[in-house]
Amino acid sequence: MPLDTGHDARTYKIVGQRPERPDGVDKVTGRARFGADMTAPGMLWGVMLRSPHAHARIVKIDASRAEALPGVHSVVTRADFPKESGGNDDVLDHCIAGEKALYDGHGIAAVAATSRALARRAAALIEVEYEVLPHVTDVDAAIEPGAPIIRAGLRTSGDPDAADADTNIASRHEFGHGDVDAGFAQADVIVERSFTTGASHQGYIEPHACLATLNSGGQGEIWCCTQGHFAVRNTCAAIMGIEASQLRVTASEIGGGFGGKTTVFLEPVALALSRKSGRPVKMVMDREDVFRASGPTSSSSIDVKIGATKDGRIVAADATLRYQGGAYPGSPVDMGSMSAFACYDMPNVRTVGYDVLCNRPKQAAYRAPGAPMAAFAVESVIDDLARELRIDVLDFRIRNAAKDGTQSSYGPKYDQIGLLPTLEAAKAHPHWTAPLKPGEGRGIACGFWFNFGGETCVSLNINVDGTVGLSVGTPDIGGSRASMCQMAAEELGIPYADIRTIVADTAALGYNDVTDGSRVTFATGLATIQAAREAIGKLCDRAAQLWGIPAEAVEWRSGAAHPAGPNAGKFAPMTLAEIAAKGAETGGPIAGHCEVNADGAGVSFGTHIADVAVDPGTGRTTVTRYTVIQDAGKAVHPAYVEGQFQGGAAQGIGWALNEEYIYDDEGHLLNAGFLDYRIPVASDLPMIDTQILEIPNPGHPYGVRGVGETPIVPPLPTIANAIRDAAGVRMTHAPMSPPRVLAALKA
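What you see is a predicted model, and the numbers here were worked out from it, not measured in a lab. (Residues numbered from 1 in each chain as written. Predicted model: local features only at pLDDT ≥ 70, side-chain atom pairs only at ≥ 80, totals over all residues. Heavy atoms only, no water.)

> Help me out: how do you make sense of the overall build of the chain in this one?
Within the chain, the secondary structure is distributed over 20 helices and 27 strands. Since a compact globule built from 747 residues should have a radius of gyration of about 27 Å, the 27 Å found for the chain is in line with a globular shape. When the 747 residues of the chain are sorted by exposure, 60% land in the buried category. Once local pairs closer than 6 in sequence are excluded, the contacts in the chain between residues at least 24 apart make up 79%. Put simply, the chain shows about 27,300 Å² of open surface, and 50% of that area lies on carbon and sulfur atoms. The average position of the 65 basic charges and that of the 86 acidic charges among the side chains of the chain differ by 3 Å. (Helix = DSSP H or I, 4+ residues; strand = E, 2+ residues; numbered from the N terminus. Rg over C-alpha atoms; globule rule 2.2 N^0.38 Å. Buried < 20%, exposed > 50% of the residue type's maximum accessible area, 1.4 Å probe, protein only. Contact = heavy atoms within 4.5 Å. Areas by Shrake-Rupley, 256 points an atom, 1.4 Å probe, with all protein chains shown as cover. Lys, Arg positive; Asp, Glu negative; His and termini not counted. Charge placed at Lys NZ, Arg CZ, Asp CG, Glu CD.)

Here's what the structure looks like:
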């Protein structure tokens, strides 16, 4: 059956409903198994020794005292890994250092022992001689002349004018169209500002954990908390020098990821310890290690300039973005540059982004990686420009909003998009027109995310009792098992409760890309629908056999095969369960499969409104009301969609007001724990209202768009604009913590 990816309008029976979540009981009763819950006979505990320096050459490692300790079975350093890592040198290096420690917390060596306490004691006995080097943790300081060079031999890619000399600028990216200089010459009003944002952590509650075994024959298994176990398999196999088919990876339940569990941090080290010791090895990060050694998002420095005519039309926009990706190339500055002006119809626009190295841990994705920082800068300037023009900030956005057919700032023309509907819904929302209390202010901002598709494989198996087992390869981080059950049930015409979706291991399915990019409900859903349709074709064939009529004379309706055409009414309909029960008589098991590299994910837009109160004596900002309006394409499970909206907004509010990595002059992270790195708790947040819009994505059979990442994009500028409205100060650094707001008020 050819792959059908086009949207087909229909009335849904199960999609759009709010059934119980299939993992709910296991999670509230403690039966669900997370990363640290797996054990194995003869298991050892692995512990990392980490660098106390932000930048240092590793002169010598002496592990003899640790190895002599009774109960210690193996110690590994970088020397215990193959010299060739299959193109994963940087990935291996951020797991365990090579010649240099590149940040505070960089892994230096690892110990496997019979208990965790013993492994920690042994790790403390490892003697490391360092040559401490100058360091830099600030993105702007890292590109100044004379800044310490982090990676010798690095040259700037994508910049033909870059000097042929060592640099901390890994790459340059440019997007846009039109003539920006000519556009600014037409502007009646120009606003230009500079902004900075601190690095923030995803704040997942479950630390990184894995259990790994690798025998002398090169066969291994990993159990780990991850957003992409196929990627873990491929990466670890390449690093360890074994074939991918020899390594089996199972994804545990995941206690939060938000993009931060899309790479490996412990798994290759656990495999090396296991191979050397001949025993399974379990590793679990403590909270301090999570902050010091796993990937937060980038900190950034951004310059924005936007010009408009006096009638409120934007004629030119320009931005320069500098993001640090830690000590390795790969910050999301390209996506930040692409998304910066994506909400607006601009005839002349340019963004230039620089990927900069600093002595910090390797950056990892965090919900719409790169976009929140860019939105903070651009949406703040959009607000100030509207004020300069004396135009309502919402009307100004409506006047300049990207629409169907608009050429995006990063290249392609938009198809069917929902930005303008979200703005119009915001204008009509009771929140926008509600009176403010004295001392409060109201802010609004828009956000964008691309959404992805990617490689996906599913298998749908009809059981003899008429129930269905659906195997997917994308870990469930936001309700995707429920959504897959709904879409499969919708296609097959059977009850939601008759379908069970499992996340299969890497030996059970073809390759699946990581659960990221808001791709799973779209791509795995598309594959699930297609697999169900393939199974329906086979069910109709089996019914035709039993009736003795041609297969094309059978149609599927409401969970049953019906004779059609000249044979209509000659036979009673046969349900899925009845056909499955006779499977052995008609050819054996019945299943549907789909393998696809999904395209057409459809971009996503949202508009947020916030009310805040600013205490003039302390600078503390309290969010008193918050509303999220976003286009979901089609909300398969509305409760999960609302949860994604609310979760993204809550994380964005935390980033806007409190969250950032703080380093001292020696490059040490000072707030490596939830006591000092303050994520919002319930008392910090208002009830977050949501409004789901459904503008169908033509690239999906049900019109689905991903929803998980866009909600974190608008909160930073929404809060900043509300503070501007309440207190009359334009905040240019996020987080807008009380000391910074107080300083701005005093200034």
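> Would you mind going over the sheet that holds strand β15 (residues 349-356) with me for this structure?
Hydrogen bonds along the backbone pair up the strands of a sheet, which may run parallel or antiparallel. An order of β7-β15-β14-β13-β8-β27 is seen for the six strands of this open sheet, with the pairing classed as mixed. Among the strands making up the open sheet, the edge pair consists of β7 (169-177) and β27 (733-734). (Pairing = 2+ DSSP bridges.)

> Looking at this structure, how should I read the environment of Pro638?
With respect to the secondary-structure elements, Pro638 resides in helix α18 (residues 638-657). Expressed as a C-alpha distance, the spacing of Pro638 and Gln17, which sit 621 residues apart in the sequence, is 6.9 Å. Setting aside residues no more than four positions away along its own chain, Pro638 makes contact with Gly16, Gln17, Arg18 and Ile692.

> Honestly, the confidence of the model for the chain in this entry has me stumped. Any pointers?
On average, residues of the chain score 97 in pLDDT, and 99% of them reach the 70 mark or higher. The secondary-structure element of the chain with the lowest mean pLDDT is helix α1 (residues 24-29), recorded at 93, while strand β13 (residues 300-308) shows the highest, at 99. (pLDDT = per-residue confidence, 0-100.)

> What am I meant to see in the packing of helix α11 (residues 393-400) against helix α12 (residues 419-428) here?
Describing two packed helices takes the angle between their axes plus the distance from one axis to the other. Viewed as axis vectors pointing N to C, α11 and α12 meet at an angle of 155°, and their least axial separation amounts to 10 Å. Between α11 and α12, the crossing angle belongs to the class labelled roughly antiparallel. Where α11 crosses over α12, the two elements pack in a sense that is left-handed. Residue-level contacts link Leu394, Asp395, Arg397 and Ile398 of α11 to Leu420, Leu423, Ala426 and Lys427 of α12. Its residues placed into classes, the contact of α11 with α12 shows five nonpolar, no polar and three charged. (Axes fitted to C-alpha atoms, helices over the stretch in contact; angles between N-to-C directions. Parallel < 35°, antiparallel > 145°, perpendicular 65-115°, else oblique. Left-handed = near helix turned anticlockwise from the far one by under 90°. Nonpolar A, V, L, I, M, F, W, Y, C, P; charged D, E, K, R; others polar.)

> Help me out: how do you make sense of α12 in this one?
Along α12, the positions that sit buried rather than exposed are Leu419, Leu420, Thr422, Leu423, Ala425 and Ala426. At its buried positions, α12 is contacted by α11, α13 (430-433), β16 (440-449), β24 (604-614), β25 (621-631) and β26 (688-693).

> Would you take a moment to explain the sheet that holds β16 for this structure?
Strand order in the open sheet made by the four strands is β16-β24-β25-β26, with mixed pairing throughout. Both edges of this open sheet fall to β16 and β26, since each of them pairs with a single strand only. Going across the sheet, the axis of each strand differs from the next one's by a mean of 15°, ignoring polarity. Summarising the sheet, β16 and β24 pair through ten bridges and their orientation is antiparallel. Residue pairing for β24: Glu440 is matched across the bridge by Ala613. Each of β16, β24 and β25 touches helix α19 (residues 715-727); the most contacted strand, β16, lies at about 160° to it.

> What is the right way to read the side chain of His608 from this model?
Relative to the elements of secondary structure, His608 occurs in strand β24. Looking at His608, its side chain comes within polar contact range of the side chain of Tyr626, at 2.8 Å. Aside from chain neighbours lying at most four places away, what touches His608 is Gly443, Ile444, Ala445, Tyr626, Thr627, Val628, Ala649, Pro711, Pro714, Pro715 and Thr718. (Polar contact = N/O pair within 3.5 Å; in protein donor to acceptor, adjacent residues only side chain to side chain.)

> Sorry, what's going on with the pattern of salt bridges here?
Should the charged atoms of two oppositely charged side chains come close, the side chains can pair. Counted according to the given criterion, the structure contains 40 salt bridges. Between Glu206 and Lys261 there is a salt bridge whose closest N-O contact spans 3.2 Å. Within this pair, whereas Glu206 is found in the loop between β8 (189-197) and β9 (209-214), its partner Lys261 is found in the loop between β11 (247-251) and α7 (267-277), the two being separated by 55 residues in sequence. With respect to class, Glu206 is no different from Lys261; both count as buried. In this structure, the salt-bridge partner of Arg387 is Asp383, at a minimum N-O distance of 3.8 Å. Of the two residues, Arg387 and Asp383 are both situated in helix α10 (residues 371-389); the distance of four residues between them amounts to about one turn of the helix. Classification of Arg387 as partly exposed rests on a relative accessible area of 29%. Bridged by salt links that share partners, the residues Arg21, Asp23, Lys27, Glu253, Asp476 and Arg481 form one connected network. (Salt bridge = Lys/Arg side-chain N within 4 Å of Asp/Glu carboxyl O.)

> What is the right way to look at α19 in this model?
Because the α-helix completes a turn every 3.6 residues, residues three or four places apart line up on one side. Across its 13 residues, α19 extends 18 Å between first and last C-alpha, which sits within 8% of the 18 Å expected from 1.5 Å per residue. Along α19, the residues that are buried comprise Pro715, Leu716, Pro717, Thr718, Ile719, Ala720, Asn721, Ala722 and Ile723. Note on α19: the residue one or two positions beyond its end, Gly728, has a positive phi of about 75°. (Expected span 1.5 Å × (residues − 1).)

> Sorry, what's going on with the side chain of His429 here?
Relative to the assigned elements, His429 resides in the loop between α12 and α13. For His429, a relative accessible area of 12% puts it in the buried group. Beyond its immediate sequence surroundings of up to four residues, His429 is in contact with Arg625, Thr627, Ile629 and Gln691.

> Quick question: what am I supposed to make of the packing of aromatic side chains here?
Note on aromatic pairs: each is described by the distance of the centres and the angle between the planes. The full count for this structure, using the stated rule, is 20 aromatic pairs. Aromatic side chains Tyr12 and Tyr702 sit 5.1 Å apart centroid to centroid with 65° between the ring planes, which places their arrangement in the edge-to-face category. Of the two residues, Tyr12 is situated in the segment before α1 and Tyr702 in the loop between β26 and α19; the sequence distance between them amounts to 690 residues. Take Tyr12 and Tyr702: they sit in the same class, and that class is buried. Both rings, one in Trp547 and one in Phe571, keep their centres 5.5 Å apart while their planes meet at 15°; by these two values the pair is stacked. Of this pair, Trp547 sits in helix α15 (residues 520-547) while Phe571 is found in the loop between β21 (560-563) and β22 (574-575), placing the two residues 24 residues apart along the sequence. Each member of the aromatic cluster is reached from another via a ring pair, and the members are Tyr410, Tyr414, Phe448, Trp449, Phe450, Phe452 and Phe605. (Phe/Tyr/Trp six-rings, centres within 6.5 Å; stacked < 30°, edge-to-face > 60°.)

> Any chance you could explain the environment of Gly203 here in plain terms?
Counting through the fold element by element, Gly203 comes out in the loop between β8 and β9. Distance from Gly203 to Tyr677, taken between C-alpha atoms, is 9.3 Å for residues 474 residues apart in sequence.

> Looking at this model, I keep getting lost on unusual backbone geometry. Mind explaining?
Negative phi values dominate among residues other than glycine, just as trans dominates among peptide bonds. Cis rather than trans, the peptide bond between Ala734 and Pro735 has omega equal to 10°. When you line up the elements, Pro735 lands in the loop between β27 and α20 (738-746). Phi is positive for Asn451, close to 70°, though the residue is something other than glycine.

> Is there a simple way to think about the state of the cysteines in this case?
Any covalent bond linking the sulfur atoms of two cysteines counts as a disulfide. On inspection of all chains with the given rule, the structure shows zero disulfides. Looking at the unpaired Cys343, the closest cysteine sulfur is the one in Cys446, lying at 5.2 Å. In this structure Cys343 comes out as buried when scored by relative accessible area, which is 4%. Unpaired in this structure, Cys594 has its nearest cysteine sulfur neighbour in Cys457, at a distance of 7.9 Å. (Disulfide = S-S within 2.5 Å.)

> Just to check I follow, could you spell out the environment of Met487 for this structure?
Here Met487 shows up in helix α14 (residues 480-492). For Met487, a relative accessible area of 0% translates into the label buried. Distance from Met487 to Gly411, taken between C-alpha atoms, is 33 Å for residues 76 residues apart in sequence. Here Met487 is in contact with Val15, Thr521, Gly525, Ile529, Val636, His700 and Tyr702, once residues within four sequence places are set aside.

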